[in-house]
Amino acid sequence: MKVLADNIKNAMSESSFIRRMFEAGLEMKHKFGADNVYDFSLGNPDAPPPPAVKNSLYQVAENSGKQFAFGYMPNAGYPESRAAVAGSLSREQQFEVPPSHVVLTVGAAGAINVFFRATLEPGDEVICPAPYFVEYKFYASNYGGVLKPVPAKDFTFELDVTAIEKALTPRTKAILINSPNNPTGQIYNRAELEALASVMRRHMEKTGNVLYLISDEPYRALNFDGVEVPPLFGLYPYTVIVGSYSKTLSLAGARIGYLAVCPNMPDAMELINGTVMTNRILGFVNAPAIAQKLLTGLINEQIDLNIYRERRDEMAKVLTDAGIEFTMPKGALYFFPKSPVPDETVFIDALMKEHILGVPGKGFGYPGYFRLAFCVPMSSIKNSAAGFKRAVRAVKSQL
Ligand code: PLP
């Protein structure tokens with residue numbers, strides 16, 4: 001009997017490598033003990049939330065007896081929470097963002113789904129640089145859209161704007177970028193983004209169709225060297241920024257994020273009203289009430305960046321000592337090094353023999369590389385050093 005829709009069955013088998021890694025990790029931890037397995041496969045932010053979270057939670061509790069304390073609300077969120085996010089975005093974007101242009105969502109993941117549901121027609125294309133966050137493909141196909149990955153520049157993972165321009169068609173509805181990037185840790189600079197914006201403007205003039213720029217920014221605050229994460233609202237009017245507090249405040253399970261529409265966008269209110277509608281009819285209804293209230297008191301807080309910065313620096317040492325090549329991640333929580341042998345799955349298998357878990361690049365649409373998440377204890381990074389060296393020696397001796 002047919003239990004599942006075909007496209008969900010396909011999605012499950014396509015992403016089975018993630019499940020396999022996860023299951024292999026559990027089995028190894030059971031067999032060898034958690035301290036003897038170096039699991040760099042999961043991007044689960046593990047820095048503690050800032051101390052202010054506790055106070056904010058107390059305040060939410062203080063008011064919890066009031067009528068409608070956690071009742072239904074406008075689908076876009078509490079006005080004071082929208083205003084808090086709008087204030088913070090106005091500073092980031094160096095652009096006045098009114099609360100009316102912010103919709104609170106169930107994480108950045110919810111925001112992307114809400115946006116795609118509101119804008120994609122079946123067959124519409126969404127371009128994104130590869131490697132890319134695996135879920136994008138599913139988010140686009142949820143609404144009949146087609147993700148069209150375009151490789152970034154090899155090894156440095158800068159935007160290849162010429163390749164993106166070539167991939168544009170009259171069906172392209174959006175370009176989805178993510179900076180700081182998962183899985184590469186790269187941050188696009190102003191020149192790359194200006195070049196992208198001018199290609200997009202030209203395409204809109206040529207086709208007469210709207211072409212959205214979606215900037216997925218859940219890692220915005222995870223910027224270790226203080227480089228500029230350029231504001232986009234002043235650059236291109238058809239910009240939508242999505243973000244969340246999953247990494248900034250280590251509140252991934254609280255599921256709180258947002259979508260913000262550029263105030264310069266013609267018809268901005270129509271798009272906002274459309275996303276408020278889709279937030280409702282996708283069954284999210286509104287972003288979680290407790291998380292919204294919590295956030296309002298925490299908008300200027302963030303986790304201690306040093307925790308991740310020190311781990312990034314240690315991981316860089318471990319990889320360099322093992323002779324593994326990589327471009328230093330400027331932000332996010334990941335390294336995306338080059339595999340020492342062309343088939344990265346061979347190297348991933350060699351790492352597994354050393355109880356080290358990483359994810360093959362083909363899972364991110366970019367074979368020949370692999371991803372390591374450094375949101376793990378410092379001891380795991382340090383203690384994995386000898387295993388990385390042995391794995392490199394093992395695969396190179398087979399060449
Ligand atoms: N976008 C990227 C690039 C991510 O890596 C993630 C989560 O890991 C998300 C979106 C979803 O994050 P959220 O928890 O805000 O839904």
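Residues numbered from 1 in each chain as written. Predicted model: local features only at pLDDT ≥ 70, side-chain atom pairs only at ≥ 80, totals over all residues. Heavy atoms only, no water.

## Considering the pairing of strand β8 (residues 257-261)
Link 1 in the chain: With five of its five residues buried, β8 lies for the most part within the structure.
Link 2 in the chain: Burial of the side chains of β8 extends over both faces: G257, L259 and V261 are buried on one face and Y258 and A260 on the other.
Link 3 in the chain: Sheet topology note: the strand β2 (residues 102-105)/β8 ladder contains four bridges and is antiparallel. Of the residues in β8, the one forming a bridge with L104 is Y258.
Link 4 in the chain: Pairing geometry for strand β7 (residues 239-244) and β8, over five bridges, is antiparallel. Looking across to β8, one finds that V242 is bridged to L259. (Buried < 20%, exposed > 50% of the residue type's maximum accessible area, 1.4 Å probe, protein only. Helix = DSSP H or I, 4+ residues; strand = E, 2+ residues; numbered from the N terminus. Pairing = 2+ DSSP bridges.)

## Comments concerning a nonpolar patch on the surface
Link 1 in the chain: Judged by side-chain polarity, V3, L4, I8 and M12 come together as a nonpolar surface patch covering roughly 370 Å² of accessible area.
Link 2 in the chain: Mapped onto the elements of the fold, I8 is located in helix α1 (residues 6-14).
Link 3 in the chain: Owing to a relative accessible area of 42%, I8 belongs among the partly exposed residues under this scheme. (Patch = residues over 30% accessible without salt bridge, like charges linked within 9 Å, V, L, I, M, F, W, Y side chains within 5 Å. Areas by Shrake-Rupley, 256 points an atom, 1.4 Å probe, with all protein chains shown as cover. Salt bridge = Lys/Arg side-chain N within 4 Å of Asp/Glu carboxyl O.)

## Quick word on the sheet that holds strand β9 (residues 334-335)
Link 1 in the chain: Pairing is antiparallel across the open sheet formed by three strands, whose spatial order is β9-β12-β11. Two strands bound the open sheet, and with one partner strand each, they are β9 and β11 (359-360).
Link 2 in the chain: Pairing of β9 with strand β12 (residues 370-373) involves two bridges; the strand directions are antiparallel. Note that in β12 the partner of F335 across the bridge is L372.

## Observations regarding the nonpolar core
Link 1 in the chain: Residues F116, I175, I177, L196, V240 and L259 are the most contacted members of the largest nonpolar core, which totals 61 residues.
Link 2 in the chain: Counting contributing residues per domain, this core is built from domain 1 (6-50 + 303-396) and domain 2 (52-296), each supplying no fewer than three.
Link 3 in the chain: What V240 contacts, discounting residues up to four positions off in sequence, is F115, L213, I214, S215, L259, A260, V261, M265 and L271.
Link 4 in the chain: Counting residues in each nonpolar core, the second largest holds 42 residues, with L222, L319, I356 and V376 among its members. (Core = buried A, V, L, I, M, F, W, Y, C linked by side-chain atoms within 4.5 Å. Domains from an automatic or database assignment. Contact = heavy atoms within 4.5 Å.)

## Section: the site of the ligand
Link 1 in the chain: Contacts to the ligand come from 14 residues, most closely from D216, Y219, S244, S246 and R255.
Link 2 in the chain: Within the side chain of D216, one N or O atom sits 2.5 Å away from a nitrogen atom of the ligand.
Link 3 in the chain: Between the ligand and R255, the relevant distance is 2.7 Å, taken from an oxygen atom to a side-chain nitrogen or oxygen of the residue.
Link 4 in the chain: Summarising the interface, the protein chains cover 92% of the accessible area of the ligand, which totals 400 Å² for the free molecule.
Link 5 in the chain: By residue number, the principal contributor to the shell around the ligand is helix α5 (residues 107-119), which donates three residues.
Link 6 in the chain: Among the residues making up the shell around the ligand, the classes are represented as six nonpolar, five polar and three charged. (Near = heavy atom within 4 Å. Polar contact = N/O pair within 3.5 Å; in protein donor to acceptor, adjacent residues only side chain to side chain. Nonpolar A, V, L, I, M, F, W, Y, C, P; charged D, E, K, R; others polar.)

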